[in-house]
There are 2 protein chains.
Amino acid sequence: MEFKGAEAPRYRDGAQSIHRTAALLREIAAARGGGASLSKLSAATGLVPSTVHRMLQALVDEELLAKDPATRTYRAGPLLYELGLAAAPRLDLRKICAPVLQRIAEATGDSVYLTVRSGDDALTLDRREGSFPIKALPQEIGNRRPLGVGAGALAVLAALPAPEGEALVIANAARYGRYRLTAERVGTELAAARERGHTVSTGRFVARYRGVAVPFGGLETPAASLCVIAISERLKPERIERVAELLHREVAAIGTLLADQAPPEPTGHW
Amino acid sequence: MEFKGAEAPRYRDGAQSIHRTAALLREIAAARGGGASLSKLSAATGLVPSTVHRMLQALVDEELLAKDPATRTYRAGPLLYELGLAAAPRLDLRKICAPVLQRIAEATGDSVYLTVRSGDDALTLDRREGSFPIKALPQEIGNRRPLGVGAGALAVLAALPAPEGEALVIANAARYGRYRLTAERVGTELAAARERGHTVSTGRFVARYRGVAVPFGGLETPAASLCVIAISERLKPERIERVAELLHREVAAIGTLLADQAPPEPTGHW
DNA sequence: CCCTTAAATTCCATTATGTGGAAACATGAA
DNA sequence: TTCATGTTTCCACATAATGGAATTTAAGGG
């Protein structure tokens, strides 16, 4: 058995299949909207199509994934939902931030995103739609992308201590190409974001939308960000500033909410 | 490689590892409270301990599971939660039933459970606590057990067409031993439940609690049940009848809610 | 405390299992 | 139609997963 793709086997023992399976699952959670095709998954994981096909079939058999026969795309399946129920987080950031998202959506009329770090990825943890008729919904709840891709995911990086953030940019270097980015570029943006206190999306990947995000957490609590996204015309420079200020105020509010909540439980994840 | 346990390889191709992994994950979701130990998982899956150990380690590496170092038990990990987010169900039974559970909890003062079918298992989809100080909380959200074990899971069976229900009892025959049950016994209880319209737990597995459940769904919508659980003293025969009537009324209410909702989407799961 | 038992973990020779190349088969575009 | 792209099946091969045995660690019991 040879390796086709770039990633050398990062882990030790006889568990290649489990690591490959996990990589596939994460990759499927990265797919927007419709789901992921076999060839996309093959390219993204560096596994040959026949292997991916066989694995996907087994995962569908187990209902970990579901296959749309019309489009031949794969998406997260019922068993994943059910297993997720059993993994209720200790610190339910989604619940805690729900009223905050609501408030921002009402105040701005635009879409609001809560993004957190998960390993090398940014994860869309929650979303609220604003009242403005043209919805900017580039991300679904549960979607993943490399840290640094887009305003929300860049702000998550900015929530981390600088050395850690930069290390993650390096770690993700190989993945940025798919988003028309480079590690250098992300590094520069990250530094700029630290200066400014907020991020603005470059519109490099999704042209018609623009986003503003403010980081929070990163030490006791997970690195995260609040992000407002709208069509570009609705986010001209002067409004960006106003939205950023609003987000900063709400981040402060979350800070006090978290201080109340978080009894430093030794066990486990957020 | 030989097979130690009872189950012969149910699936075809070169995907043993994926099926074993899925079995492990399901088994961990079956564990109450603290989590599952390696030996329990080994026994439950029929895999030798060294194999289970290696797989669990890999799953923990991937954060699909988390290990409590103190008790050396395994439970669902953060990545499962995150992947579950991406698998939002089309028909969100949990959301739809939320107000119903709330109402029942307030009316009875006892714990209320929403249980659904997932393959050969019953799955605790949601729970609400009543005001009575002694809480009957034998199940956590996300917990699994074989269909037929306990009032709620027996009522789920009763929601299915009789032949299908009986077939599932046969399919689960080998698993009932762990719950001090037999397929015959479950079959009898199931028949009785169909007569009566509701189930009452025998208290065979959890002695100090008693439960009453009423089935619903099973055709267009997934087989499910509403269940009220309390300490045995609070569920004497005459109160059981009154609670069962209340549950029947609420089941009817769900029926109309579902009729409004469910646009028969061809794709996928509930 | 020490002794016994059970469970968890590591090790490693063996081979069943997963692999990936190649070829067949679909699908959709021009 | 033909061509190009993506999906699926097939199968000989060698790697990766396996499980028995040995070792280590923890949990009781007296």
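Cut-offs used in this document
Residues numbered from 1 in each chain as written. Chains lettered and ligands numbered in written order. Predicted model: local features only at pLDDT ≥ 70, side-chain atom pairs only at ≥ 80, totals over all residues. Heavy atoms only, no water. Helix = DSSP H or I, 4+ residues; strand = E, 2+ residues; numbered from the N terminus. Rg over C-alpha atoms; globule rule 2.2 N^0.38 Å. Areas by Shrake-Rupley, 256 points an atom, 1.4 Å probe, with all protein chains shown as cover. Contact = heavy atoms within 4.5 Å. Buried area = accessible area lost by both parts, 1.4 Å probe. Salt bridge = Lys/Arg side-chain N within 4 Å of Asp/Glu carboxyl O. Nonpolar A, V, L, I, M, F, W, Y, C, P; charged D, E, K, R; others polar. Buried < 20%, exposed > 50% of the residue type's maximum accessible area, 1.4 Å probe, protein only. Domains from an automatic or database assignment. Polar contact = N/O pair within 3.5 Å; in protein donor to acceptor, adjacent residues only side chain to side chain. Pairing = 2+ DSSP bridges. Axes fitted to C-alpha atoms, helices over the stretch in contact; angles between N-to-C directions. Least-squares fit on C-alpha atoms with pLDDT ≥ 70 in both. UniProt positions renumbered as here; feature names shortened; annotations may be inferred. Phe/Tyr/Trp six-rings, centres within 6.5 Å; stacked < 30°, edge-to-face > 60°. Lys NZ or Arg CZ within 6 Å of the ring centre and 35° of its normal.

What about the overall build of chain A?
The helix and strand tally for chain A stands at 9 helices and 9 strands. Taken over C-alpha atoms, the radius of gyration comes to 19 Å for chain A, in line with the 18 Å a tight globule of 270 residues would show. Based on the C-alpha atoms only, the size of chain A along its principal axes is roughly 55 × 40 × 40 Å. Total accessible area on chain A is roughly 12400 Å²; 54% of this is exposed by carbon and sulfur atoms.

Focus: the interface of chain B and chain A
Between chain B and chain A, the contact holds 50 residues from the first and 50 residues from the second. Taking both sides of the interface into account, the surface hidden between chain B and chain A amounts to around 4200 Å²; carbon and sulfur atoms contribute 63%. Contact with chain A buries area across many residues of chain B, yet B:Ile18, B:Glu62 and B:Tyr81 alone supply 16% of it, more than any other trio. Here chain B and chain A share 4 salt bridges between them. Across the pair A:Glu82 and B:Arg144 runs a salt bridge whose closest N-O atoms are separated by 2.3 Å. By residue class, the composition of the side of chain B that touches chain A is 24 nonpolar, 13 polar and 13 charged.

Considering the pattern of salt bridges
Under the defined criterion, the tally for this structure stands at 24 salt bridges over all chains. In this structure, the salt-bridge partner of A:Asp126 is A:Arg94, at a minimum N-O distance of 3.6 Å. Linking A:Asp126 in strand E5 (residues 121-128) with A:Arg94 in helix H5 (residues 93-108), this pair joins segments that are 32 residues apart in sequence. For A:Asp126, a relative accessible area of 4% corresponds to the buried category. The class for A:Arg94 is partly exposed, based on a relative accessible area of 29%. If you follow the salt bridges from partner to partner, you end up with A:Glu82, B:Asp121, B:Arg144 and B:Arg175 in one network.

Digging into the domain arrangement of chain A
Many analyses report the size of an interface as the accessible area lost when the parts associate. Residues and elements named next belong to chain A. Domains assigned within chain A are domain 1 (16-83) and domain 2 (93-261). Computed from C-alpha atoms alone, the centre-to-centre distance between domain 1 and domain 2 is 27 Å. If you look at the interface, domain 1 gives 8 residues, while domain 2 gives 10 residues. Between domain 1 and domain 2 lies a buried interface of about 670 Å² when both sides are counted; carbon and sulfur atoms form 39% of it. Together, Arg-26, Ala-29 and Arg-32 form the three largest contributors to the area buried by domain 1 at its contact with domain 2, with a combined 63%. Linking domain 1 with domain 2 are 1 salt bridge. For the salt bridge of Glu-27 with Arg-178, the shortest nitrogen-to-oxygen distance reads 2.9 Å. The interface formed by domain 1 and domain 2 contains 3 residue pairs in polar contact (both at pLDDT 80 or more). When residues in the side of domain 1 that touches domain 2 are grouped by element, the largest group, 4 residues, is from helix H1 (residues 16-30).

Re the sheet that holds strand E3 (residues 73-76) of chain B
All names here are of chain B. Strand order in the open sheet formed by 3 strands is E1-E3-E2, and the pairing between neighbours is antiparallel. The two strands at the open ends of the sheet, each matched to only one other strand, are strand E1 (36-37) and strand E2 (65-68). Inspection of the sheet shows E1 paired to E3 by 2 bridges, in the antiparallel sense. Counted as the bridge partner of Ser-37 is Thr-73 from E3. Relative to the sheet, helix H1 (residues 16-30) contacts E1, E2 and E3, its axis offset from that of E3 by approximately 95 degrees. Across the sheet, helix H3 (residues 49-61) touches E2 and E3, and the angle it forms with E2 is around 110 degrees.

A word on the sheet that holds strand E5 (residues 121-128) of chain B
Here we have 6 strands laid out as an open sheet, ordered E6-E5-E4-E9-E8-E7 (chain B), and antiparallel in their pairing. Taken across any chain shown, the strands that pair with only one partner, and hence form the sheet edges, are strand E6 (144-146) and strand E7 (199-200) of chain B. Strand direction decides the pairing type here: E7(B) and strand E8 (residues 209-216) of chain B, joined by 2 bridges, are antiparallel. Directly across from B:Val200, in E8(B), lies its bridge partner B:Val212. Of the strands in this sheet, strand E4 (111-118), E5 and E6 of chain B are in contact with helix H4 (residues 78-85) of chain A, which crosses E5(B) at around 50 degrees. Across the sheet, helix H5 (residues 93-108) of chain B touches E4, E5, E8 and strand E9 (224-231) of chain B, and the angle it forms with E5(B) is around 55 degrees.

Things to note about unusual backbone geometry
The phi dihedral of A:Glu63 falls on the positive side, at around 65 degrees, and the residue is not glycine. You can see A:Glu63 is positioned in the loop between helix H3 (49-61) and strand E2 (65-68). Note on A:Glu63: relative accessible area 41%, which makes it partly exposed. With a phi close to 60 degrees, B:Arg180 is a non-glycine residue in the positive phi region.

Some remarks on the relation of the copies chain B and chain A
Relative to chain A, chain B is turned by 180 degrees and slid 0.0 Å along the rotation axis, the superposed coordinates differing by an RMSD of 0.0 Å. Within this description, the copies of the chain are treated as partners about a two-fold rotation axis. Relative to the rotation axis, the C-alpha of B:Gly84 is the closest in chain B, positioned 2.3 Å from it. Of all interface residues in chain B, 100% are interface residues in chain A too; the two copies therefore contact each other through one and the same surface.

Some thoughts on the UniProt feature "domain: HTH iclR-type" (unreviewed entry) in chain A
The UniProt record annotates "domain: HTH iclR-type" (unreviewed entry) at residues 15-78 of chain A. Strand forms 16% of residues 15-78 of chain A and helix 58%; the C-alpha atoms that close the span are 25 Å apart.

Quick notes on the packing of aromatic side chains
Residues and elements named next belong to chain A. Inspection of the entire model under this criterion finds 0 aromatic pairs over all chains. Geometry around Tyr-209 places Arg-208 over its ring, the cationic atom sitting 4.7 Å from the centre. Positioned over the ring face of Phe-132 is Arg-234, at 3.8 Å from the centre of the ring.

Here's the deal with the side chain of A:Asp121
Residues and elements named next belong to chain A. Structurally, the position occupied by Asp-121 is in strand E5. Looking at Asp-121, its side chain comes within polar contact range of the side chain of Arg-144, at 2.8 Å. Other than its neighbours up to four places away in sequence, Asp-121 contacts Arg-26, Val-116, Arg-144, Arg-145, Pro-146, Leu-147 and Arg-175.

Description of helix H6 (residues 151-159) of chain B
Of all 9 residues that make up H6(B), 9 are buried, and the element is covered over most of its length. Restricting attention to buried positions, one finds in H6(B) the residues B:Ala151, B:Gly152, B:Ala153, B:Leu154, B:Ala155, B:Val156, B:Leu157, B:Ala158 and B:Ala159.

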